[in-house]
Amino acid sequence: MKVAIYARVSTRKQDETNQLPRLRETATNRGYEIYREYTDEASSKDANRPGWKDLMADASEKKFDAILVTKLDRVMRSLVQLNITMVDLLTYGVRLICLDQGEIDPSTPMGKMQMQLIGAIAEWEREIIIQRTKEGIEAKRAKGVRLGRKKRDDISVETLAALRSIGKSWNDIAAELHVPKTTILRRKEAVAPISAGP
């Protein structure tokens, strides 16, 4: 059987290489032929991920028999999008095999129930993450923590001059104050006389 391997991570802090070795090993152990590996660094709610779009385009042309993923939430966390995807795969005659859940066959009542349950849990988990993130932001705002980049007016010329006087480069200052270098350079002329001293 010919399979496509798919791995997805949502941020740069994660690593799809944790998924790929498992998928390759499983394919080898089961005697599958790997047609191609597809990867994405994107949210699971995004149905237009480049790697996923390529995979589904190839699936529509029946270039492989099955898609191999580690978990169902690597495919979609949105229950609506997951249902659409599974209907498309059923139309293409392409199977979906999840290492942690086994093969999901949406053409059977059991497969449909399994997909709905797993998909609903994945969507619930995503909503919980979003809610906790929002609550964290609101809690910081309530404590007076300013979020986002500093505005130009928040940075005094004296602060810039002091950093220049101890040998900091413009790049170092921008990085230390977490502002774009262009914001710093706008005050370069005002800083120069002060940092030079009497």
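This text follows the structure it describes.
In what follows, the accompanying structure is described. (Residues numbered from 1 in each chain as written. Predicted model: local features only at pLDDT ≥ 70, side-chain atom pairs only at ≥ 80, totals over all residues. Heavy atoms only, no water.)

**Brief notes about the overall build of the protein**
Move 1: Check the secondary structure of the protein and you find 8 helices and 5 strands.
Move 2: Going from the N terminus to the C terminus, the protein shows its helices and strands as β-α-β-α-β-α-β-β-α-α-α-α-α.
Move 3: Of all 198 residues assigned to the protein, the portion counted as buried reaches 35%.
Move 4: Just so you have it, the protein exposes about 11900 Å², and 51% of that area is on carbon and sulfur atoms. (Helix = DSSP H or I, 4+ residues; strand = E, 2+ residues; numbered from the N terminus. Buried < 20%, exposed > 50% of the residue type's maximum accessible area, 1.4 Å probe, protein only. Areas by Shrake-Rupley, 256 points an atom, 1.4 Å probe, with all protein chains shown as cover.)

**A few points about helix H2 (residues 50–60)**
Move 1: Considered for burial, the residues of H2 that qualify are Gly51, Trp52, Leu55, Met56, Asp58 and Ala59. Down the axis of H2, the buried set is contained in an arc of 160°. They therefore lie on one face.
Move 2: With its phi angle positive at about 55°, Lys62 sits one or two positions after the end of H2. (Arc of directions from axis to C-beta.)

**Some thoughts on the pattern of salt bridges**
Move 1: One pass over the structure, following the stated rule, counts 7 salt bridges.
Move 2: The salt bridge partner of Arg36 is Asp54, with a shortest N-O separation of 3.7 Å. With Arg36 in strand S2 (residues 33–41) and Asp54 in helix H2, this residue pair connects regions lying 18 residues apart in the sequence.
Move 3: Relative accessible area serves as the criterion here: at 36%, Arg36 is assigned to the partly exposed category.
Move 4: Residues Asp40 and Arg49 are paired through a salt bridge, measuring 3.7 Å at the closest nitrogen-oxygen approach.
Move 5: Among the charged side chains, a salt-bridge network with shared partners connects Arg36, Asp54, Asp58, Glu61 and Lys63. (Salt bridge = Lys/Arg side-chain N within 4 Å of Asp/Glu carboxyl O.)

**Focus on helix H1 (residues 20–29)**
Move 1: Regarding H1, the residues found buried are Leu20, Leu23, Thr26 and Ala27. The buried residues of H1 occupy an angular sector of 135° when projected down its axis, which confines them to one face. Exposed and oriented more than 90 degrees from the buried face of H1 are Thr28 and Asn29.
Move 2: Residues of H1 that are buried make contact with strand S1 (2–9), S2 and strand S3 (66–69).
Move 3: Looking at the residues trailing H1, positive phi occurs at Gly31, about 80°. (Contact = heavy atoms within 4.5 Å.)

**Section: the packing of helix H5 (residues 157–165) against helix H6 (residues 170–177)**
How two helices sit against one another is set out by the angle between their axes and by the gap between those axes.
Move 1: Where H5 contacts H6, the two axes come as close as 10 Å, and the packing angle between them is 130°. Relative to H6, the element H5 lies oblique. The two elements H5 and H6 cross, and the hand of that crossing is right-handed. Between H5 and H6, the residues in contact are Leu160, Leu163 and Arg164 and Trp170, Ile173, Glu176 and Leu177, respectively.
Move 2: The residue inventory of the contact of H5 with H6, partitioned by class, reads 5 nonpolar, no polar and 2 charged. (Axes fitted to C-alpha atoms, helices over the stretch in contact; angles between N-to-C directions. Parallel < 35°, antiparallel > 145°, perpendicular 65-115°, else oblique. Left-handed = near helix turned anticlockwise from the far one by under 90°. Nonpolar A, V, L, I, M, F, W, Y, C, P; charged D, E, K, R; others polar.)

**Topic: the nonpolar core**
Move 1: Ranked by size, the top nonpolar core spans 19 residues in total, and within it Leu55, Phe64, Ile67, Leu89 and Leu96 carry the most contacts.
Move 2: Not counting residues within four places of it along the chain, the set of residues in contact with Ile67 comprises Ala4, Tyr6, Leu55, Leu89, Val94, Arg95, Leu96 and Ile97.
Move 3: Val3, Ala7, Leu23 and Ala27 belong to the second-largest nonpolar core, a separate cluster that totals 11 residues. (Core = buried A, V, L, I, M, F, W, Y, C linked by side-chain atoms within 4.5 Å.)

**Quick word on the pairing of S1**
Move 1: Here S1 lies mainly inside the structure; 7 of its 8 residues are buried.
Move 2: Bridge count between S1 and S2: 8 bridges; the pairing is parallel. By the bridge assignment, Val3 is partnered in S2 with Ile34.
Move 3: In the sheet, S1 pairs with S3 via 3 bridges, with the strands oriented parallel. Within S3, the position partnered with Val3 by the bridge is Ala66. (Pairing = 2+ DSSP bridges.)

**A few points about the pairing of S3**
Move 1: Taking every second residue as pointing to the same face, both faces of S3 are buried, with Ala66 and Leu68 on one and Ile67 and Val69 on the other.
Move 2: In this sheet, strand S4 (residues 95–98) lies alongside S3 in parallel orientation, the contact comprising 4 bridges. From the neighbouring strand, Leu68 faces S4, where its bridge partner is Ile97.

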